[in-house]
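Inside the fold
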Amino acid sequence: MTNPPPALLVAGHGTRDEAGAEAFRDFVRELGRRHPELRVAGGFIELSPPPLGEAVTELVEQGVRRFAAVPLMLVSAGHAKGDIPAALAREKERHPGISYTYGRPLGPHPSLLNVLERRLDAVLGDWDRADVTVLLVGRGSTDPDANAEVHKAARLLWEGRGYAGVETAFVSLAAPDVPSGLDRCAKLGAERIVVLPYFLFTGILPDRVRRQTEEWAAARPAAEVRSADVIGPEPELLDLVLERYEEAVKGDLRMNCDSCVYRIALPGFEDKVGLPQQPHFHPDDDGHHGHGHGHHHHGGHSHSHAH
């Protein structure tokens with residue numbers, strides 16, 4: 001008899017908004033329906049039931065001894081870096097004999113960028129992309145690396161899609177806040193702005209983004225501002241969680257190769273996918289040997305020295 005595959009444990013942030021918490025629970029149920037071969041459970045770090053520990057207990061009571069935990073989070077901030085690993089370590093003490101691997105957050109994966117693009121298209125109407133500045137609004141964190149990841153998502157969303165620009169703001173804990181982000185867009189000459197919440201599901205913070213956007217626009221009757229929707233439980237999100245699960249099970253935890261132009265067909269850079277990679281030429285080399293920086297898992301990166 002073959003061993004069953006490790007169970008999938010989905011770790012959520014938690015929200016005081018019941019609709020947002022139920023959206024997460026629905027998402028976990030849908031994952032289970034789509035993958036009947038897997039045991040699937042989900043829980044929250046804070047604010048919402050069920051807690052993560054209860055989800056682990058549920059799996060253990062079903063006979064699960066191995067699982068892979070995937071943080072259902074867009075950026076790697078304190079929860080993904082500290083709270084979830086600490087919670088999992090505690091569960092290992094509570095349930096002797098279990099083992100787990102830990103996946104990475106979702107990040108600005110190309111499939112999620114495509115969903116964000118759809119969210120924008122849904123509100124553009126008769127606006128031309130070339131006239132639209134997007135304000136991507138993240139949760140905000142005291143972790144600079146987490147905030148930088150939102151900026152990375154904004155840049156990747158801009159590349160090759162034809163918007164006038166994509167600016168970044170945060171709804172809590174980090175600057176610029178939503179009104180300041182909108183002010184920046186206006187100072188840069190933006191005539192038409194779409195505010196795009198960088199959130200998976202509805203909740204108190206996305207609602208705050210929309211409310212602050214409406215208040216800012218109401219005080220500036222000449223401004224043309226529209227609000228887009230959150231990412232939501234799209235097929236791309238369901239597929240990405242399974243991709244993160246499979247990475248964790250196999251131990252294939254790549255860093256930022258989701259957005260590597262040599263691996264993924266990013267808009268405008270499709271011709272770079274699969275290009276043969278050449279070793280670096282370094283001006284300090286004596287010409288008798290090549291100079292390389294080792295091979296990336298998908299064939300190495302090429303950095304041309306066109307100075």
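Residues numbered from 1 in each chain as written. Predicted model: local features only at pLDDT ≥ 70, side-chain atom pairs only at ≥ 80, totals over all residues. Heavy atoms only, no water.

Let's talk about the side chain of Glu167
With respect to the secondary-structure elements, Glu167 resides in strand S6 (residues 165-170). Of the polar contacts made by the side chain of Glu167, one reaches the side chain of Arg184; its length is 2.6 Å. When neighbours within four sequence positions are excluded, Glu167 is seen to be in contact with Thr133, Val134, Leu135, Leu136, Ala154, Arg184, Cys185 and Leu188. (Helix = DSSP H or I, 4+ residues; strand = E, 2+ residues; numbered from the N terminus. Polar contact = N/O pair within 3.5 Å; in protein donor to acceptor, adjacent residues only side chain to side chain. Contact = heavy atoms within 4.5 Å.)

Points about the pairing of strand S7 (residues 192-197)
The element S7 is largely enclosed, with a buried count of five among its six residues. Both strand S5 (residues 132-138) and S7 contribute to a ladder of six bridges, which runs parallel. Paired with Leu136 across the strands is Leu196, a residue of S7. Across four bridges, S7 lies against strand S8 (residues 224-227) in parallel orientation. Residue pairing for S8: Arg192 is matched across the bridge by Glu224. Handedness of the crossover is the feature at issue here: the chain leaves S7, passes through helix H7 (residues 204-218), returns alongside S8, and the resulting connection is right-handed. (Buried < 20%, exposed > 50% of the residue type's maximum accessible area, 1.4 Å probe, protein only. Pairing = 2+ DSSP bridges. Right-handed = clockwise from strand over helix to strand, strands pointing away.)

Focus on the confidence of the model for the chain
Atomic detail in the predicted coordinates should be set aside for any region of low pLDDT. Predicted confidence across the chain gives a mean pLDDT of 86, with 82% of residues reaching 70 or more. Confidence drops under a pLDDT of 50 for residues 278-307, and excluding neighbours within four residues, the segment shows 29 contacts in the predicted structure. (pLDDT = per-residue confidence, 0-100.)

Concerning the pattern of salt bridges
For the coordinates displayed, the defined rule picks out 25 salt bridges. Arg25 serves as the salt-bridge partner of Glu18, at 2.4 Å between the closest nitrogen and oxygen. Glu18 sits in the partly exposed class, given a relative accessible area of 47%. Overall, the relative accessible area of 15% leaves Arg25 in the buried class. The partner of Glu224 in a salt bridge is Arg192, with the nearest N and O atoms 3.3 Å apart. (Salt bridge = Lys/Arg side-chain N within 4 Å of Asp/Glu carboxyl O.)

Here's the deal with unusual backbone geometry
That bond from Pro49 to Pro50 is cis: its omega, -5 degrees, falls within 30 degrees of zero. Within the secondary structure layout, Pro50 lies in the loop between strand S2 (40-44) and helix H2 (52-61). Here the bond from Ala175 into Pro176 is cis, since omega is -5 degrees, no more than 30 degrees from zero. Its place among the elements puts Pro176 in the loop between S6 and helix H6 (178-187). One non-glycine residue, Leu47, lies in the positive phi region at around 75 degrees. Tracing the sequence through the fold places Leu47 in the loop between S2 and H2. Despite not being glycine, Leu173 shows a phi value in the positive range, around 70 degrees. One can find Leu173 in the loop between S6 and H6. Look at Leu173 and you get exposed, because its relative accessible area is 66%.

Quick word on the sheet that holds S7
Reading across the sheet, the four strands line up as S6-S5-S7-S8 and stay open at both edges, with parallel pairing between neighbours. Each end of this open sheet is capped by a strand with a single partner; those strands are S6 and S8. Taking each pair of neighbouring strands and ignoring which way they run, the sheet shows an average axis angle of 25 degrees. In this fold helix H4 (residues 110-124) packs onto S5, S7 and S8, with an angle of close to 140 degrees to the strand it touches most, S7. Relative to S6, helix H5 (residues 144-158) is tilted by about 160 degrees, and along the sheet it contacts S5, S6 and S7. (Axes fitted to C-alpha atoms, helices over the stretch in contact; angles between N-to-C directions.)

Comments concerning the packing of aromatic side chains
Evaluated as defined, the whole model comprises three aromatic pairs. An angle of 20 degrees between the planes, with centres 5.6 Å apart, marks the rings of Phe67 and Tyr100 as stacked. Note that Phe67 is positioned in strand S3 (residues 66-71) and Tyr100 in strand S4 (residues 99-102), a separation of 33 residues in sequence. By relative accessible area, which is 4% here, Phe67 ends up buried. Relative accessible area serves as the criterion here: at 26%, Tyr100 is assigned to the partly exposed category. (Phe/Tyr/Trp six-rings, centres within 6.5 Å; stacked < 30°, edge-to-face > 60°.)

Structural notes on the pairing of S4
Side chains on a regular strand alternate between the two faces of the sheet. Relative to S4, S3 runs parallel, the two being bridged by four bridges. From the neighbouring strand, Phe67 faces S4, where its bridge partner is Tyr100. Taken together, S3, helix H3 (residues 78-94) and S4 form a β-α-β motif whose crossover is right-handed.

Let's talk about H4
When the terminal C-alpha atoms of H4 are compared, their 21 Å separation across 15 residues agrees well with the 21 Å that a helix rising 1.5 Å per residue should span. Listing the buried residues of H4 in full gives Pro110, Ser111, Leu112, Leu113, Val115, Leu116, Glu117, Arg119, Leu120 and Leu124. Those residues of H4 hidden inside the fold are in contact with S5, H5, S7, S8 and helix H8 (235-250). Note on H4: the residue one or two positions beyond its end, Gly125, has a positive phi of about 60 degrees. (Expected span 1.5 Å × (residues − 1).)

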